[in-house]
Amino acid sequence: MYAPPMIRLSGVRKAYHLRRSKFAQPEELVAVNDLSLDVGEGETLGLFGESRCGKSTAVSIMLGLLRPDVGDVEIPGQKIGAMPMGDRVKLVQPVFQNPNASLNPVKRIHSLVAQPLRLHGGENIANEVKHMLDLVGLPSRLADAYPAELSDGQRQRAVIARALILNSRVLICDEPTLALDVSVQAQVINLLLTLEKELGLTMVFVSHDLGELSNIWPIVSPLCI
Ligand SMILES: Nc1ncnc2c1ncn2[C@@H]1O[C@H](COP(=O)(O)OP(=O)(O)OP(=O)(O)O)[C@@H](O)[C@H]1O
Ligand SMILES: [Mg+2]
């Protein structure tokens, strides 16, 4: 039987409309132009492109946070724009580049990791959080810490734990190592590689560093215009 790819983008285009001054006509800035790709279940796609070529715009479209002007996003086989938010977040989750900006500084780590379960329903929250911290390699003593008490790498691990706590099958990582030291970058990539295998995740991994991608995952499609 035919199984649709886990992620399918078909002819996606997105433009922003910018005014240089109050009275000027809006100018069109095409951020993503005719992007099509398929990612099969359990596969990872490396998405490479130079600065400002539209990578994060493509990520927002894949997460259903931005609507494309033209084209469709299907995850898997369902149009993401037509999915209720509750279903969408259980299926696809982001990991963004700056863990400091992703974590509310006044909440403790266990509360931040548990947040999706509290919002979208879940049982045994304390046990689930413990399991996720274990899975991403965070010592359980850090559950009561605030983000500022963690290193950058530990903060990104907490972000990954939160992204996976709803058992989402798709992870969209937008330059998740950009804000990290080189040694920590390798640790986070190794963690993602392990999780990909252990959980059978489907991932899109965005980077502007061809070396980072080519050492690990097949690069299928550079972007855009
Ligand atoms: N909300 C927005 N309004 C207007 N223009 C935008 C908006 N978001 C992005 N852009 C513009 O669209 C283009 C693509 O931006 P985007 O952030 O998608 O690229 P990127 O490849 O992720 O860049 P970077 O490598 O810096 O992360 C850029 O020229 C950017 O200035
Ligand atoms: Mg970006």
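Everything here concerns the structure above.
Rules and cut-offs
Residues numbered from 1 in each chain as written. Chains lettered and ligands numbered in written order. Predicted model: local features only at pLDDT ≥ 70, side-chain atom pairs only at ≥ 80, totals over all residues. Heavy atoms only, no water. Buried < 20%, exposed > 50% of the residue type's maximum accessible area, 1.4 Å probe, protein only. Helix = DSSP H or I, 4+ residues; strand = E, 2+ residues; numbered from the N terminus. Contact = heavy atoms within 4.5 Å. Expected span 1.5 Å × (residues − 1). Pairing = 2+ DSSP bridges. Axes fitted to C-alpha atoms, helices over the stretch in contact; angles between N-to-C directions. Near = heavy atom within 4 Å. Polar contact = N/O pair within 3.5 Å; in protein donor to acceptor, adjacent residues only side chain to side chain. Areas by Shrake-Rupley, 256 points an atom, 1.4 Å probe, with all protein chains shown as cover. Nonpolar A, V, L, I, M, F, W, Y, C, P; charged D, E, K, R; others polar.

Here the focus is helix α4 (residues 109-120). Since there are 3.6 residues in each turn of an α-helix, residues three or four apart along the chain are aligned in direction. Those residues of α4 that sit buried are Ile 109, Ser 111, Leu 112, Val 113, Ala 114, Pro 116 and Leu 117. In this structure, the buried residues of α4 make contact with α5 (125-135) and α6 (152-164). Phi turns positive one or two residues past the end of α4, at Gly 121, with a value near 90 degrees.

Over its 13 residues, α6 extends 19 Å from the first C-alpha to the last, a length consistent with the 18 Å expected when each residue adds 1.5 Å. The buried count for α6 comes to eleven of 13 residues, which makes it a mostly enclosed element. Where α6 is concerned, the buried positions are Gly 153, Arg 155, Gln 156, Arg 157, Ala 158, Val 159, Ile 160, Ala 161, Arg 162, Ala 163 and Leu 164. Next to the buried residues of α6 lie β5 (92-95), α3 (99-102), α4, α5, β6 (170-174) and α7 (182-199).

So, about the sheet that holds strand β3 (residues 44-48). With parallel pairing, four strands are arranged side by side in an open sheet as β3-β7-β6-β5. Edge strands, defined here as strands with exactly one partner in the open sheet, are β3 and β5. Each strand axis lies, on average, 15 degrees off the axis of its neighbour in the sheet, ignoring direction. Here β6 runs beside strand β7 (residues 202-207); their pairing, made up of five bridges, is parallel.

On to the site of ligand 1. Every one of the 13 residues lining ligand 1 counts as a neighbour, but Arg 52, Cys 53, Lys 55, Ser 56 and Thr 57 are closest to it. The contact in question runs from an oxygen atom of ligand 1 to an N or O atom on the side chain of Ser 51, over 3.5 Å. Backbone polar atom of Gly 54 to an oxygen atom of ligand 1: 3.1 Å apart, as the coordinates give it. When the free accessible area of ligand 1 is taken as 630 Å², the share hidden by the protein chains comes to 67%. Where the shell around ligand 1 is concerned, the elements lending two or more residues are β1 (7-18), β2 (27-39) and α1 (55-62). The element best represented in the shell around ligand 1 is α1, accounting for three residues. Its residues placed into classes, the shell around ligand 1 shows five nonpolar, four polar and four charged.

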